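Residue-level listing of the chains:
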Amino acid sequence: MTAPEAMQVSSLPLPPLQYINLYTDENIHRGRAPKPPPPVHDSYSMFGNVFNADDSIIRPLEAQGIKRLYPQHFDRRRELKKLNHSLLVNFLDLIDLLVESPDSPRRAEKVEDLSLLFIHIHHLLNEFRPHQARETLRVMMELQRRQRLETTLRFQKHLEKVQQILQHALQMLPDTSELDSKLAINIDAMESIDTLGSEQQNMDTCSQSDRIMCKTIDDMIASNNLF
């Protein structure tokens, strides 16, 4: 018998596909779709850390049990430069310590100092997130405003062009009085042609009858002269 396969347990939530399959049209119509989870009002665990629902988005260092290295009122840009400089100095000290005495207990202290400096730098950068979110939203809204203005200007140009085409087409149309006069002339011409054709047909018919009568009389005269 083979050994049972080890079960892999993930600390992250499962993909939402198994939940999506429960929200079909039939389940929603019959009321079988599960209700959304209620909001959390107390504490919750995420990625192995415990958070409180009432905590601010960016918790202060004291709330996380971390000693603050800079004062309450400070210039973030200046403090970031100082932290970056301290980080570089401590890293060089750690390199010298590893070269001279690798087994020294100060090595762990330097690693802790570096970790504390990285935490402070990360915390200061996170404090810029609300400002970054506001600036990103402002830039997005400004971009949408500019795009809508450009679309409005293009639409206005197309509208003016269509109006010019319609105005030119209206100007090219003849006057109503000219159309009426041309129509009357065409009607008179057609009536004249019809009358002329009828007269010509009548004249041709009479001439043909006269010719037949004349030919008959001529034949009779010729016969009497013979006898």
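The written sequence of each chain sets the order in which its residues are numbered from 1. This being a predicted model, a pLDDT of at least 70 is required before a residue's local features are given, and a value of 80 or more before pairs of side-chain atoms are given or counted; all residues contribute to the totals for chains, interfaces and linings. Each side-chain value is derived from all of the structure's non-hydrogen atoms; neither hydrogens nor water enter the calculation.

Enquirer: Describe the overall build of the chain, and please don't skip the residues or the numbers.
Expert: When helices and strands are counted, the chain shows six helices and two strands. Each helix corresponds to a stretch of at least 4 residues labelled H or I by DSSP, and each strand to a stretch of at least 2 residues labelled E; elements are numbered beginning at the N terminus. Helices and strands appear in the chain in the N-to-C order α-α-β-β-α-α-α-α. Counting the 227 residues in the chain, one finds 9% classified as buried. Residue contacts follow a heavy-atom distance rule, with two residues in contact if any of their heavy atoms lie within 4.5 Å. For the chain, contacts bridging at least 24 residues in sequence account for 51% of all contacts bridging at least 6. Residue-level accessible areas treat just the shown protein chains as cover; the underlying method is Shrake-Rupley with a 1.4 Å probe. Roughly 20600 Å² of accessible area belongs to the chain as shown, and the carbon and sulfur atoms make up 60% of that amount. Burial classification: accessible surface area is computed with a 1.4 Å probe over protein chains only, and a residue below 20% of its type maximum counts as buried, one above 50% as exposed, and the rest as partly exposed.

Enquirer: Account for the nonpolar core, with residues named and values stated.
Expert: Counting 11 residues, the largest nonpolar core is built from Leu61, Ile66, Tyr70, Leu80, Leu83, Leu87, Leu94, Leu114, Leu117, Ile121 and Leu124. Listing elements by their share of this core, those giving two or more residues are helix H3 (76-100) and helix H4 (106-126). Nonpolar cores are built from buried Ala, Val, Leu, Ile, Met, Phe, Trp, Tyr and Cys residues. Side-chain atoms within 4.5 Å join them into one set.

Enquirer: Which residues make up a nonpolar patch on the surface, and what values do they have?
Expert: Nonpolar side chains collect at one region of the surface, where Leu88, Phe91, Leu92, Ile95, Leu98 and Val99 lie side by side and expose about 550 Å² of accessible area between them. Within the fold, leucine 98 resides in helix H3. Given a relative accessible area of 35%, leucine 98 falls into the partly exposed group. Like charges within 9 Å and nonpolar side chains (Val, Leu, Ile, Met, Phe, Trp, Tyr) within 5 Å are joined into patches, using only residues over 30% in relative accessible area that form no salt bridge. Here, a salt bridge means any Lys or Arg side-chain nitrogen found within 4 Å of an Asp or Glu carboxyl oxygen.

Enquirer: Tell me about the pairing of strand S1 (residues 43-46), and name the residues and values.
Expert: Any two strands with at least two DSSP-identified bridges between them are counted as paired. Here S1 runs beside strand S2 (residues 49-52); their pairing, made up of four bridges, is antiparallel. From the neighbouring strand, serine 45 faces S2, where its bridge partner is valine 50. Adjacent in sequence and paired antiparallel, S1 and S2 are bridged by two residues, among which phenylalanine 47 carries a positive phi angle near 55 degrees.

Enquirer: Report on H4, specifying residues and quantitative values.
Expert: Along an α-helix, a turn takes 3.6 residues, which lines up residues three or four apart on a common side. With 21 residues, H4 ought to run about 30 Å at 1.5 Å a step, and its terminal C-alpha atoms sit 30 Å apart, in line with that. Those residues of H4 not exposed but buried are Lys110, Leu114, Leu117, His120, Ile121, His123 and Leu124. Residues of H4 that are buried make contact with H3. One less than the number of residues in a helix, times 1.5 Å, gives the span that helix is expected to have.

Enquirer: Give a description of the confidence of the model for the chain that names residues and reports values.
Expert: pLDDT is a residue-level measure of predictor confidence that goes from 0 to 100. Across the chain, the average pLDDT comes to 78, with 71% of residues at or above 70. Ranking the helices and strands of the chain by mean pLDDT puts helix H5 (residues 129-172) first, with 91, and helix H6 (residues 176-226) last, with 60.

Enquirer: Report on the side chain of asparagine 27, specifying residues and quantitative values.
Expert: The topology assignment puts asparagine 27 in helix H2 (residues 25-30). At 3.0 Å, the side chain of asparagine 27 forms a polar contact with the backbone oxygen of leucine 22. Identification of polar contacts relies on pairs of N or O atoms within 3.5 Å, with a donor-acceptor requirement for protein atoms, meaning one able to donate a hydrogen and the other able to accept it, and with residues adjacent in sequence counted only if both atoms are side-chain atoms. A distance of 3.2 Å separates polar atoms of two side chains, one belonging to asparagine 27 and the other to threonine 24.

Enquirer: Explain the pattern of salt bridges to me, and be specific about the residues and the numbers.
Expert: As enumerated under the stated definition, the model contains six salt bridges in all. In this structure, lysine 110 engages aspartate 93 in a salt bridge whose closest nitrogen and oxygen atoms are separated by 3.4 Å. Highlighted residues: lysine 110 in helix H4 and aspartate 93 in helix H3, separated in sequence by 17 residues. Judged by relative accessible area, which is 13%, lysine 110 ranks as buried.

Enquirer: If you had to explain the layout of surface pockets to someone new, which residues and values would you point to?
Expert: Within this model, the largest pocket holds a volume of roughly 300 Å³. A pocket here means an open set of points on a 1 Å grid, computed over the protein atoms alone, that has protein on both sides within 12 Å along at least five of seven lines. A cavity is instead a set of points where a 1.4 Å probe fits but cannot get out; residues with an atom within 4 Å of a point line either one. Lining the largest pocket are 14 residues, with Ile57, Ile58, Arg59, Gln64 and Asn126 positioned closest to its centre. At the level of elements, S1, S2 and H4 are the ones that each hand at least two residues to the lining of the largest pocket. With four residues, the single largest contributor to the lining of the largest pocket is H4. Grid points are joined across faces, edges and corners, and a volume is the space filled by probe spheres set on the points.

Enquirer: Could you give me a rundown of the packing of H3 against H4, with the residues and numbers involved?
Expert: At a closest axis distance of 9 Å, the pairing of H3 and H4 adopts a crossing angle of 160 degrees. Judged by the inter-axis angle, H3 sits roughly antiparallel to H4. Viewed along their axes, H3 and H4 form a crossing whose handedness is left-handed. Note on residue classes: Ala, Val, Leu, Ile, Met, Phe, Trp, Tyr, Cys and Pro are nonpolar, Asp, Glu, Lys and Arg are charged, and everything else, Gly too, is polar. Classifying every residue of the contact of H3 with H4 gives 14 nonpolar, four polar and seven charged. Angles shown run from 0 to 180 degrees and are taken between the N-to-C directions of axes, each axis being a line fitted to C-alpha atoms and, for helices, limited to the stretch in contact. Each angle gets one of four labels, with under 35 degrees taken as roughly parallel, over 145 as roughly antiparallel, 65 to 115 as roughly perpendicular, and the rest as oblique. Here a crossing is called left-handed whenever its near helix is offset anticlockwise from the far helix by less than a right angle, and right-handed whenever the offset is clockwise.

Enquirer: Tell me about H3, residues and numbers included.
Expert: The end-to-end C-alpha separation of H3 is 36 Å, in line with the 36 Å expected for 25 residues at 1.5 Å each. Taken together, the buried positions of H3 are occupied by Glu79, Leu80, Leu83, Leu87, Asn90, Leu94 and Leu97. Tucked into the core, H3 has its buried residues touching H4.

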